[in-house]
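Remarks on the overall topology
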Amino acid sequence: MSEENGITSRLDGTPDSEWIDISIPVRDAMVHMPKDPAARIYRIYDADKGDIGTMYGMDITSHAGTHIDAPRHFFRDGKTIDEMPLDATMGLARVIEINDTESIKPEELNAHNIQPGERLLFKTINSLKAYETDELFKDYVCFTPASAQFLADKRVRAVGLDYIAAGSNKNDEDLIKVHQILEIVGIWIIEGLNLSAVQAGQYDLICLPIKLEGGDAGLTRAIVRRISK
Ligand SMILES: [Zn+2]
């Protein structure tokens, strides 16, 4: 057992609680940002078509589906995804439910007594609406430069959002700023979560990116297990 912020983590296992998958499926033509190429998932060998076995090929960006952005994404000398400390996105995490249906704003964050070192997963209306299709959900709720700055000033460890980009698709400048503000202070950003099955509260989080050498980001599977409200 380990203790952070006065709460005991149970990553080492108790049999009475269940893990919940908060990652989204990786599939052909899955939702992606308009300027990024679509994921292409295909079968190199296909037992359904008479081959001896099945093997998939994947042509996919480092930002497809549920993934973690490393500081290298916008900073040439920033930490790469394979340099991520394993506990940056593993251990205690708090799910915060955001009521604002437009964006995550500092005023709303201010009500949650956010502490340095916290791993925070933000559940917005995106989780209920955004994954119904593989089309981009253009009105997704995300961070603004002001709320990114709020979290950077708090020196949180990692932030997670329930859609594929932490910043707005309607304003490239804002999108880049949100990433830069978080990344320059070393905050790891989990994008593409689906938090529809979880409520606000404390959880154990397991979320590790693939070890993409020198990479700016990495695809990940993310799961949580409830500890308390
Ligand atoms: Zn990303």
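Residues numbered from 1 in each chain as written. Predicted model: local features only at pLDDT ≥ 70, side-chain atom pairs only at ≥ 80, totals over all residues. Heavy atoms only, no water.

**Considerations on the environment of Ala148**
Relative to the helices and strands, Ala148 is located in helix α3 (residues 145–154). The spacing of Ala148 and Gly53 is 95 residues in sequence and 47 Å in space, taken between C-alpha atoms. Here Ala148 is in contact with Val178, Ile181 and Leu182, once residues within four sequence places are set aside. (Helix = DSSP H or I, 4+ residues; strand = E, 2+ residues; numbered from the N terminus. Contact = heavy atoms within 4.5 Å.)

**Looking at the packing of aromatic side chains**
Throughout the structure, instances matching the rule amount to four aromatic pairs. A ring pair is formed by Tyr131 and Tyr163, whose centres lie 5.5 Å apart and whose planes are at 45 degrees; its orientation type is tilted. Of this pair, Tyr131 sits in the loop between α2 (126–129) and α3 while Tyr163 sits in the loop between β9 (158–161) and α4 (172–184), and the two are 32 residues apart along the sequence. With respect to class, Tyr131 is no different from Tyr163; both count as buried. Chaining the aromatic ring pairs together yields one cluster made of Tyr131, Phe137, Tyr140 and Tyr163. Geometry around Tyr42 places Arg40 over its ring, the cationic atom sitting 4.4 Å from the centre. (Phe/Tyr/Trp six-rings, centres within 6.5 Å; stacked < 30°, edge-to-face > 60°. Buried < 20%, exposed > 50% of the residue type's maximum accessible area, 1.4 Å probe, protein only. Lys NZ or Arg CZ within 6 Å of the ring centre and 35° of its normal.)

**Overview of the layout of surface pockets**
Here the largest pocket is characterised by a volume of approximately 440 Å³. Taken together, 26 residues make up the lining of the largest pocket; nearest its centre are Met33, Lys35, Asp36, Ala165 and Leu175. Its residues placed into classes, the lining of the largest pocket shows 13 nonpolar, nine polar and four charged. Taken as a whole, the second largest pocket encloses approximately 190 Å³ of empty space. Forming the walls of the second largest pocket are 14 residues, and the residues nearest its centre are Glu102, Ser103, Tyr140, Cys142 and Ser168. (1 Å grid on protein atoms, 1.4 Å probe; cavity = no way out; pocket = protein on both sides within 12 Å on 5 of 7 lines; lining within 4 Å. Points joined across faces, edges and corners; volume = space filled by probe spheres on them. Nonpolar A, V, L, I, M, F, W, Y, C, P; charged D, E, K, R; others polar.)

**With respect to the side chain of His67**
Relative to the helices and strands, His67 is located in strand β6 (residues 67–69). A polar contact of 2.8 Å, which involves the side chain of His67, links it to the backbone oxygen of Gly65. Only 3.1 Å separates the side chain of His67 from the side chain of Asp69, close enough to count as a polar contact. Ignoring any residue separated from it by four or fewer positions in sequence, one finds His67 in contact with Ser62, Ile164, Ile189, Ile190, Glu191, Ala217, Gly218, Leu219 and Thr220. (Polar contact = N/O pair within 3.5 Å; in protein donor to acceptor, adjacent residues only side chain to side chain.)

**Examining the pattern of salt bridges**
Throughout the structure, instances matching the rule amount to 12 salt bridges. When the shortest N-O distance is used, the salt bridge between Glu118 and Arg94 registers 2.9 Å. In this pair, Glu118 sits in the loop between α1 (106–109) and β8 (119–123) while Arg94 sits in strand β7 (residues 91–97), placing the two residues 24 residues apart along the sequence. No difference in accessibility class separates Glu118 from Arg94, as the two residues are buried. Residue Lys170 is joined to Asp139 by a salt bridge in which the shortest nitrogen-to-oxygen separation is 2.5 Å. In this pair, Lys170 sits in the loop between β9 and α4 while Asp139 sits in the loop between α2 and α3, placing the two residues 31 residues apart along the sequence. Residue Lys170 is classed as exposed on the basis of its relative accessible area of 57%. Three or more residues are tied together by salt bridges with common partners; here these are Arg43, Asp46 and Asp48. (Salt bridge = Lys/Arg side-chain N within 4 Å of Asp/Glu carboxyl O.)

**Let's talk about the environment of Gly160**
Along the chain, the position of Gly160 falls in strand β9. Under the relative-accessibility criterion, Gly160 is labelled buried at 0%. C-alpha separation for the pair Gly160 and Ile190, spaced 30 residues apart in sequence, amounts to 4.3 Å. Not counting chain neighbours up to four residues away, the residues in contact with Gly160 comprise Leu120, Leu121, Phe122, Ile190 and Leu193.

Take it as geometry only, folks, not as evidence of what the structure does.
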